Amino acid sequence: THSEQDAIHWHFHPIPFYKECNIPATSYDNCMPVLLDIITHRLIDRKMFPVVNRAGFHTERIDANFFIEQWMPFDPSCQSVTEDEQPKGQRDLIHGRYGDWRLAPSDWTLYHPDFYDWRQQGNMKHWKARVLNMKSRHRNITIEEIEKAFIKAQNGENVYLGITDHDWREMSAEIDDFRDKLKVVLYKYPDVKFKFAETVEAFRNVIGYTDVEIETNKVDFDITLENNILSVVFTNGEPFGPQPFLAIKTKGGDYLHDNFDFQEPKKSYSYVFDNYTIPLDKLEKVVVATNDMYGNQCIKELTFI
C-alpha cells in the first residue's frame, strides 16, 4: 500500500442473471445499480474514483463502451490477436462470446473506439490499449509479441506494451518469465529505449502529452451550497466526460448517485436537494469527482452535521 510505483484502478465483472460469482457476464446495463453503488461507496468512503478501466474477463460490449466514455480516459482492455493466434479449443470463447476484440488493432496501437463498435477506431474520447496475459489459457504474451512492439518503436512510434495477471495466484514466476522473454528481444534491439511504467504515466507518454500540458490543464473545480442548491463550477481544465460524478450519502446510510443539471456544459453544473430528491436535513456527505483527458483527478466533498 506504500509503493510509489503501483496504483489502484478499476476492474469490474458484470453480474450474471443468477449471480453466480464464478460465471462471467457481459452486460453493464443489467447490473448498473450495483456498478454505481460500488463506485459511490469507494468515492465517499475512500476518496477513490476510477481513472483507468481494465474490463472483467477483458469483455466489453456497447454498454461498457458508453460507460467508460462517461468517466474514464484510459482503458487497457484490448486483447486483439491475429487470426492464427485466436484461442483454440476454448469452448466458452467461440464466436466472440467473451473477450471479443477480433476487429481491434493487434499491433499495439492505441486507439479511440467507435461509438457503435468498441473494437474499431472511431471518434470517442477515451483511449484503448492492448494487454496480453501471462501463462494463461489464451492470448499470452510471447517473444514474438514483444518483438512486434519493439519493431514499432524502432520505426519511431511510442508504444504501450501491456501485460496482465491475477493476484489470487503467485505472480512472481510469471513476471520473471516475462522478463526473460523481454531480455531476448532487448538483445536484438539494443537501440530501442523502454521503461516500466504505471499505466497512467504510460498512457500519457505514449499519447505524447507533455508535463507542461498536463499541469497547465489540470482539472479543478469549486463546489458550494447556497440554500438547497449545490453548484459545481470549473476553475481550470474540464471534465473528461459530459459531467462530474455525484455521490451522496444520507444519514440513514444510503449511498446514492444522480445526474447534475447542466448550466454550462463542461463549465458549471447544479443539483437541487428537496423532497423530489433528498432534503438537506437527511444528508451526511456529498462528494463530487471528475477526471480529465490527461488522467488528472479532482475530488471535493461537503459534510453535513
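Residues numbered from 1 in each chain as written. Predicted model: local features only at pLDDT ≥ 70, side-chain atom pairs only at ≥ 80, totals over all residues. Heavy atoms only, no water.

A. A look at the overall build of the protein chain. The number of helices and strands found in the protein chain is six helices and 11 strands. Here the protein chain has a C-alpha radius of gyration of 21 Å; the compact-globule value for 305 residues is 19 Å, and the two agree. Once the C-alpha set of the protein chain is aligned to its principal axes, its extents read approximately 65 × 50 × 40 Å. For the protein chain, buried positions account for 45% of its 305 residues. The contacts in the protein chain between residues at least 6 apart in sequence include a share of 65% that link residues at least 24 apart. (Helix = DSSP H or I, 4+ residues; strand = E, 2+ residues; numbered from the N terminus. Rg over C-alpha atoms; globule rule 2.2 N^0.38 Å. Buried < 20%, exposed > 50% of the residue type's maximum accessible area, 1.4 Å probe, protein only. Contact = heavy atoms within 4.5 Å.)

B. Highlighting the packing of aromatic side chains. In this structure the tally under the stated criterion is 20 aromatic pairs. When the centroid spacing of 5.7 Å and the interplanar angle of 85° are considered together, the rings of F194 and F196 count as edge-to-face. Between F234 and Y269, the ring centres sit 6.1 Å apart and the planes meet at 70°, which makes this aromatic pair edge-to-face. Placement of the pair is F234 in strand β5 (residues 229-236) and Y269 in strand β9 (residues 268-272), with a sequence separation of 35 residues. For the pair F234 and Y269, one class covers both residues: buried. One aromatic cluster is present, built from ring pairs that chain together F221, F234, F260, F262 and Y269. In this structure, R119 packs its charged tip against the face of W118, placed 5.0 Å from the ring centre. Sitting over the face of the ring of W108, R130 holds its NZ or CZ atom 4.4 Å from the ring centroid. (Phe/Tyr/Trp six-rings, centres within 6.5 Å; stacked < 30°, edge-to-face > 60°. Lys NZ or Arg CZ within 6 Å of the ring centre and 35° of its normal.)

C. Structural context of unusual backbone geometry. With a phi angle near 50°, H58 is a residue other than glycine that sits in the positive phi range. Mapped onto the secondary structure, H58 falls in the loop between α1 (32-46) and α2 (62-71). We classify H58 as buried; its relative accessible area is 5%. Non-glycine residue K266 carries a positive phi angle of around 75°. Summarising the element assignment, K266 is placed in the loop between β8 (261-264) and β9.

D. Highlighting the packing of helix α3 (residues 143-154) against helix α4 (residues 172-188). Between α3 and α4, the shortest axis-to-axis distance is 9 Å and the interhelical angle comes to 45°. Considered as vectors, α3 and α4 are oriented oblique to each other. Relative to α4, α3 is oriented so that their crossing is right-handed. Together, I143, I146, E147 and F150 of α3 and F178, K181, L182, V184, V185, L186 and K188 of α4 make up the contact between the two elements. The class makeup of the residues in the contact of α3 with α4 is eight nonpolar, no polar and three charged. (Axes fitted to C-alpha atoms, helices over the stretch in contact; angles between N-to-C directions. Parallel < 35°, antiparallel > 145°, perpendicular 65-115°, else oblique. Left-handed = near helix turned anticlockwise from the far one by under 90°. Nonpolar A, V, L, I, M, F, W, Y, C, P; charged D, E, K, R; others polar.)

E. Inspection of the sheet that holds β9 at higher detail. One open sheet accounts for four strands, arranged β4-β5-β9-β8; its pairing is antiparallel. The sheet is open, and its two borders are formed by β4 (220-226) and β8, each paired with just one other strand. Pairs of neighbouring strands in the sheet enclose a mean axial angle of 25°, with direction left out of account. Pairing of β4 with β5 involves seven bridges; the strand directions are antiparallel. Looking at β5, one finds that D220 is bridged to N236. (Pairing = 2+ DSSP bridges.)

F. Up close: the environment of F12. Following the sequence through the fold, F12 ends up in the segment before α1. Measuring from C-alpha to C-alpha, the distance between F12 and G56 comes to 5.1 Å, with 44 residues separating the pair along the chain. Sequence-distant contacts of F12, defined by excluding residues within four places in its chain, comprise Y28, C31, L35, I38, R54, A55 and G56.

G. Fine view of the sheet that holds strand β11 (residues 297-303). The four strands lie next to each other as β7-β6-β10-β11, forming an open sheet whose pairing is antiparallel. Looking at the sheet topology across the chains shown, the edges are occupied by β7 (255-258) and β11. Neighbour-to-neighbour, the strand axes of this sheet turn through a mean angle of 20°, independent of strand direction. Taken strand by strand, α1 contacts β6 (245-250), β7, β10 (283-291) and β11, and its axis lies near 75° from that of β6.

H. Representation of the pairing of strand β2 (residues 127-133) within the structure. By the criterion of burial, β2 is predominantly enclosed, with seven of the seven residues buried. Neither face of β2 is open: one carries W127, A129, V131 and N133, the other K128, R130 and L132, and all of them are buried. One ladder, built from three bridges, connects strand β1 (residues 74-78) with β2; its direction is parallel. Paired with F74 across the strands is W127, a residue of β2. When β2 meets strand β3 (residues 162-164), the two strands line up parallel, connected through three bridges. Considered in β3, the bridge of L132 is made with I163. With respect to chirality, the unit in which β2 leads through α3 into the neighbouring parallel β3 is right-handed. (Right-handed = clockwise from strand over helix to strand, strands pointing away.)

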